[in-house]
Structure formats: C-alpha cells, structure tokens
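Secondary and tertiary structure notes
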Amino acid sequence: MTADFASQRIDLAKEPDFRLGTIQVRPSARQIESGGTTDTLEPRVMQVLVALARKRGQVVSRDELTETCWEGRVVGGDALNRCISKIRRLGEAKG
C-alpha cells in the first residue's frame, strides 16, 4: 500500500458531513437528506459518492474508484456500475 493510496482511502466514520446542492450527506451515518426525507445508503455506495464528491467536477477513473472504495481489490465492472447507477437514481430523485 502506498502513502497516496492510504491518504485516499475512505473511512466513512471519519468523513465530514457535506452538501451536494440541496442534499445533505452524512457519510458516518450513511444517510442523505433532502426535502424532509432521509435515505440510508449501502456502505460501498456511500464510499463511491464520497470519492466523487471529493473530486468536485473532475473526472474520476474506474481505477481510482477501485483503489479508493475497494482498497485496490479486483472487482467486476458490475459492482461499480451498480453503485454509480444508484447514485444517479438518487440524484434524479432528489434533484
């Protein structure tokens, strides 16, 4: 494990809360709040959301997401696609 990898790894318990537009994201609780409703995300989906939010508009490669969210383990494309799909659906539903 490289120092760069260790600094990028996402520990949800230590991630600060943040906003994405009208959505309040609470990584440590794995929750997003918007319009008076709260949704709880799966841990891996929340990690991917945090990884994308950290880059704020920059392109994030699949390799970066694998390193950051799956600790460099080899994962199928379906796992990553499923997480991205869930995040997109939440974005569409929450605005």
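Our subject in this report is the structure included herewith. Note that this is a predicted model, so its numbers are computed, not measured.

1. Points about the sheet that holds strand β1 (residues 18-20)
Here 4 strands make up an open sheet; going across it, the order is β1-β2-β3-β4 and the pairing antiparallel. The sheet terminates laterally at β1 and β4 (37-40), the two strands that pair on one side only. Direction aside, neighbouring strands of the sheet carry axes that sit 25 degrees apart on average. Bridging between strand β3 (residues 31-34) and β4 involves 4 bridges; their strand directions are antiparallel. For Gln-31, the partnering residue across the bridge sits in β4 and is Thr-40.

2. Digging into helix α3 (residues 62-69)
Every buried residue of α3 is accounted for by Leu-65, Thr-66, Thr-68 and Cys-69. One or two steps after α3, the chain reaches Glu-71, where phi turns positive at roughly 55 degrees.

3. Describing the nonpolar core
In terms of nonpolar packing, the biggest core is built from 22 residues, with Ile-32, Met-46 and Val-48 touching the most fellow members. Within the residue set of this core, elements represented by two or more residues are β2 (23-26), α2 (43-55), α3 and α4 (77-94). The dominant element in this core, judged by the number of residues it contributes, is α2, at 7 residues. In contact with Met-46, other than residues within four places in its own chain, are Leu-12, Val-25, Arg-26, Pro-27, Arg-30, Gln-31, Ile-32 and Leu-41.

4. Points about the packing of α2 against α4
Between α2 and α4, the least distance of the axes is 9 Å, while the angle of their chain directions is 75 degrees. Taken together, the axes of α2 and α4 are roughly perpendicular relative to one another. When α2 is examined against α4, the residues Arg-44, Val-45, Val-48, Leu-49 and Leu-52 are found in contact with a partner set consisting of Leu-80, Cys-83, Ile-84, Lys-86 and Ile-87. Taken together, the residues that form the contact of α2 with α4 break down as 8 nonpolar, no polar and 2 charged.

Rules used in this analysis
Residues numbered from 1 in each chain as written. Predicted model: local features only at pLDDT ≥ 70, side-chain atom pairs only at ≥ 80, totals over all residues. Heavy atoms only, no water. Pairing = 2+ DSSP bridges. Helix = DSSP H or I, 4+ residues; strand = E, 2+ residues; numbered from the N terminus. Axes fitted to C-alpha atoms, helices over the stretch in contact; angles between N-to-C directions. Buried < 20%, exposed > 50% of the residue type's maximum accessible area, 1.4 Å probe, protein only. Core = buried A, V, L, I, M, F, W, Y, C linked by side-chain atoms within 4.5 Å. Contact = heavy atoms within 4.5 Å. Parallel < 35°, antiparallel > 145°, perpendicular 65-115°, else oblique. Nonpolar A, V, L, I, M, F, W, Y, C, P; charged D, E, K, R; others polar.

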